[in-house]
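Observations on the three-dimensional arrangement
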Amino acid sequence: MRNIALFLKYEGTAYHGWQVQKNACTVAQTLEEAMAKVVAHRVHITGCGRTDAGVHARVYVANFRTDSRIPVDRLPYALNTHLPEDIVVFDAREVPEGFNAIGSCIKKEYTYQIYNSRIRDPFYVNRAWFYPKHLDEKIMQQAALQFVGTHDFAAVRSVGTDVKSTIRTVHHFEVERQGDLIFCRICANGFLYNMARAMTGTVIYAAEGKIDPNEISALLQSGNRTAAGPTVPAGGLYMTQLWYDDGEVAFHVR
């Protein structure tokens, strides 16, 4: 039985997130159905994270097991003939038996896009959050730096999937403006439910003057979700980088 890692990207507007659900169309379900047609048996695909409804992935890693002998370099071509246009597999590799798309992932980066202009652009609908009030990216960056490090991030997560611990390590939180687009890039060893979107909402609060950037450390210590910024809409969020190292295989995909 071979263990195969798939590298894909998708535009998530039409999907209710990654995870297979009974009454909703998801990325995993669509991929599993396509894969079954290629390898001629049912498969279970493990993804690197549970992206929410409407969230996108510029990169995403998943793995599955198969006894099919189809050459691994032919898998992307075969799969893409059975996938809709908004999901594309761009690479596939045979990986060690112990490799797991989520368990072997040591860091992830999400990027949130804000279209910060007085006039909206139809080409960014569901791809960036239209925010007409001017945002000072320097204040946003000052606030973002307060999240870097190992903290309890309960104050910036939504109630959802149960976790053993709300402590995570944020490696970087970078805010960059390119014209009317603001990019908020957050890299961590793991993310709580809606954590990236709530962190982005909090640095926007700082830019609006609703919270002092220097108060964010105290906010995290309080664990008070209502004191942080809002959970910004899903359509602006993208998975953008992944790092893997499980002792047998190591790589970085972006």
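Here, every reference points to the structure presented above.
The sections below set out a description of the structure shown in this document. Bear in mind the structure is a predicted one, so any value in this text is a computation, not a measurement. (Residues numbered from 1 in each chain as written. Predicted model: local features only at pLDDT ≥ 70, side-chain atom pairs only at ≥ 80, totals over all residues. Heavy atoms only, no water.)

1. Here's the deal with the nonpolar core
Counting 79 residues, the largest nonpolar core has Leu 6, Leu 8, Trp 18 and Met 140 as its most contacted members. The element best represented in this core is helix H4 (residues 195–208), accounting for 8 residues. In this structure Leu 6 touches Leu 31, Met 35, Tyr 60, Val 61, Ala 62, Phe 64, Leu 79, Val 89, Asp 91 and Ala 92, once residues within four positions along its chain are discounted. (Core = buried A, V, L, I, M, F, W, Y, C linked by side-chain atoms within 4.5 Å. Buried < 20%, exposed > 50% of the residue type's maximum accessible area, 1.4 Å probe, protein only. Helix = DSSP H or I, 4+ residues; strand = E, 2+ residues; numbered from the N terminus. Contact = heavy atoms within 4.5 Å.)

2. Some remarks on the packing of aromatic side chains
The tally for this structure, following the rule as stated, stands at 11 aromatic pairs. Aromatic pair Phe 99 and Tyr 244: ring centres 5.3 Å apart, planes at 40°, arrangement tilted. Here Phe 99, found in the loop between strand S4 (87–95) and strand S5 (105–115), pairs with Tyr 244, found in strand S10 (residues 237–245); they are 145 residues apart in sequence, far enough to count as distant. One aromatic cluster is present, built from ring pairs that chain together Phe 7, Phe 90, Phe 99, Tyr 244 and Phe 251. Over the aromatic face of Phe 90 sits the side chain of Lys 9, whose NZ or CZ is 5.2 Å from the ring centroid. (Phe/Tyr/Trp six-rings, centres within 6.5 Å; stacked < 30°, edge-to-face > 60°. Lys NZ or Arg CZ within 6 Å of the ring centre and 35° of its normal.)

3. Considerations on the environment of Met 199
Locating Met 199 in the fold gives a position in helix H4. Overall, the relative accessible area of 0% leaves Met 199 in the buried class. Filtering out sequence-adjacent residues up to four positions away, Met 199 remains in contact with Phe 147, Phe 153, Val 156, Val 170, Phe 173 and Ile 186.

4. Observations concerning the environment of Glu 248
Here Glu 248 lies in the loop between S10 and strand S11 (250–253). Residue class for Glu 248 comes out exposed when judged on its relative accessible area of 57%. With 152 residues separating them in the primary sequence, Glu 248 and Pro 96 have C-alpha atoms 7.0 Å apart.

5. A closer look at unusual backbone geometry
At Asn 126, a position not held by glycine, the phi torsion is positive, near 65°. For Asn 126, the position within the fold is in the loop between S5 and strand S6 (129–130). Overall, Asn 126 belongs to the partly exposed group, its relative accessible area being 43%.

6. Points about the pairing of strand S9 (residues 181–188)
The buried count for S9 comes to 8 of 8 residues, which makes it a mostly enclosed element. Residue alternation in S9 divides its side chains into two sets, Leu 181, Phe 183, Arg 185 and Cys 187 and Ile 182, Cys 184, Ile 186 and Ala 188, and both sets are buried. Bridging between S5 and S9 involves 8 bridges; their strand directions are antiparallel. Residue pairing across strands places Tyr 110 opposite Ile 186, the latter belonging to S9. Judged from the 8 bridges that link them, strand S8 (residues 167–178) and S9 form a sheet pairing that is antiparallel. Counterpart to Gln 178 in the pairing with S9 is Leu 181. Remark: 2 residues form the turn of the hairpin made by S8 and S9, two consecutive strands paired antiparallel; Gly 179 in that turn has positive phi of roughly 65°. (Pairing = 2+ DSSP bridges.)

7. Description of the pattern of salt bridges
Going through the model one piece at a time under the given rule, you end up with 8 salt bridges. In this structure, the salt-bridge partner of Arg 185 is Glu 176, at a minimum N-O distance of 2.7 Å. (Salt bridge = Lys/Arg side-chain N within 4 Å of Asp/Glu carboxyl O.)

8. Some details on H4
For H4, spanning 14 residues, the distance from its first C-alpha to its last is 20 Å, which sits close to the expected 20 Å at 1.5 Å a residue. Of all 14 residues making up H4, 12 are buried, and the element is well covered by its neighbours. Turning to H4, its buried residues are Met 195, Ala 196, Arg 197, Ala 198, Met 199, Thr 200, Gly 201, Thr 202, Val 203, Ile 204, Ala 206 and Ala 207. (Expected span 1.5 Å × (residues − 1).)

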